[in-house]
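# Coordinate analysis (summary)
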Amino acid sequence: GLSAIKNFTTQAIQDYKTFEEKSKNLTALTGLQGDDIAYLEKKARDLAATATDTAAEVIDAFTLMGSAKPELLKDKEALAETTEAALTLAAAAKMDAKTSVESLAAAMNQFGAPAAEADRYINALAAGSQAGSAGVDSIAKSIVKFGATAAANLSVEESVGLIETLAEKGLQGEVAGTKLNGVLLNLQTAANQKFNPAVVGMQQALDNLAAANLSTAEKVQLFGKGNIVAGEILIQNRESFARLKEA
């Protein structure tokens, strides 16, 4: 009756006010005005019509993504495209939008990936989390710790594969990322180039390490004491890596 109509109207007014407030925050962050901010407002409403997020929540996601990847603030289409990918990831991985935006931005930032590759990155993160033990946010925390080292020689898919290989043995998040950074740096500077992923590729490097049948002392010298457990896990579980990097 009238009470229901009144409640609906009150809620609609509140939703409008919230949307306007979020839009002002986005304007303040991006400096975008006029047609540009109108484009993002329309995009937010369009996305909200096909997702579980409200238009105000999508505007919030635009703001978060712009903060995490400032280069997108110069390109409203790229900002919208990358944020839409993050919201798709959130739905697929059953996670909140904030964590999804931050995870996607972190991974893309480490590899210097442009907005056009956003779909590739959400596929790598989602597939990895489904095939392995580490969730999307845990993968992202790992990538932040070794992504800069990995980016020179490894794909994001291979990087996620390494993370998930360690995760299956209990090493996750920042700890896993730090260990992987140490492993990769030591392999890249190894005297034997057969162990260098930059020269032979990650899979072949692991196969060569297994074939070399190194002693514990040799592994300590190669990986360093702090990284030997991670190095050993990767060698012993190289078949898991082969599977997980293709997830």
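Structure: above.
Figured I'd write up the structure that's included with this text. As the structure is a computational prediction, the values presented were derived from the model and not from experiment.

Attention now goes to the overall build of the chain. Broken down by element type, the chain carries 14 helices and 0 strands. Tracing the chain from N to C terminus, the helices and strands come up as α-α-α-α-α-α-α-α-α-α-α-α-α-α. If one aligns the C-alpha atoms of the chain with their principal axes, the spans along those axes are about 80 × 40 × 25 Å. In the chain, buried positions account for 47% of the 247 residues. Summed over all atoms, the accessible surface of the chain reaches about 12,000 Å², with 51% contributed by carbon and sulfur.

Relative to each other, helix α3 (residues 55–68) and helix α4 (residues 76–93) sit at 110°, their axes nearing to 9 Å. With respect to their mutual orientation, α3 and α4 come out roughly perpendicular. As α3 packs across α4, the resulting crossing turns out to be right-handed. When α3 is examined against α4, the residues Val58, Ala61, Phe62, Met65 and Gly66 are found in contact with a partner set consisting of Leu79, Ala80, Thr82, Thr83, Ala86 and Leu87. Across the contact of α3 with α4, the residue classes break down as 8 nonpolar, 3 polar and no charged.

If you walk through the whole model with that rule in mind, you get 1 aromatic pair. The residue whose ring lies beneath Lys76 is Tyr39, and the NZ or CZ to ring-centre distance is 5.5 Å.

Residue placement: Phe19 occurs in helix α1 (residues 2–30). Placed 35 residues apart in sequence, Phe19 and Thr54 show a C-alpha to C-alpha distance of 9.0 Å. In contact with Phe19, other than residues within four places in its own chain, are Glu41, Ala44, Arg45, Ala55, Ala56 and Ile59.

Cut-off values and rules
Residues numbered from 1 in each chain as written. Predicted model: local features only at pLDDT ≥ 70, side-chain atom pairs only at ≥ 80, totals over all residues. Heavy atoms only, no water. Helix = DSSP H or I, 4+ residues; strand = E, 2+ residues; numbered from the N terminus. Buried < 20%, exposed > 50% of the residue type's maximum accessible area, 1.4 Å probe, protein only. Areas by Shrake-Rupley, 256 points an atom, 1.4 Å probe, with all protein chains shown as cover. Axes fitted to C-alpha atoms, helices over the stretch in contact; angles between N-to-C directions. Parallel < 35°, antiparallel > 145°, perpendicular 65-115°, else oblique. Left-handed = near helix turned anticlockwise from the far one by under 90°. Contact = heavy atoms within 4.5 Å. Nonpolar A, V, L, I, M, F, W, Y, C, P; charged D, E, K, R; others polar. Phe/Tyr/Trp six-rings, centres within 6.5 Å; stacked < 30°, edge-to-face > 60°. Lys NZ or Arg CZ within 6 Å of the ring centre and 35° of its normal.

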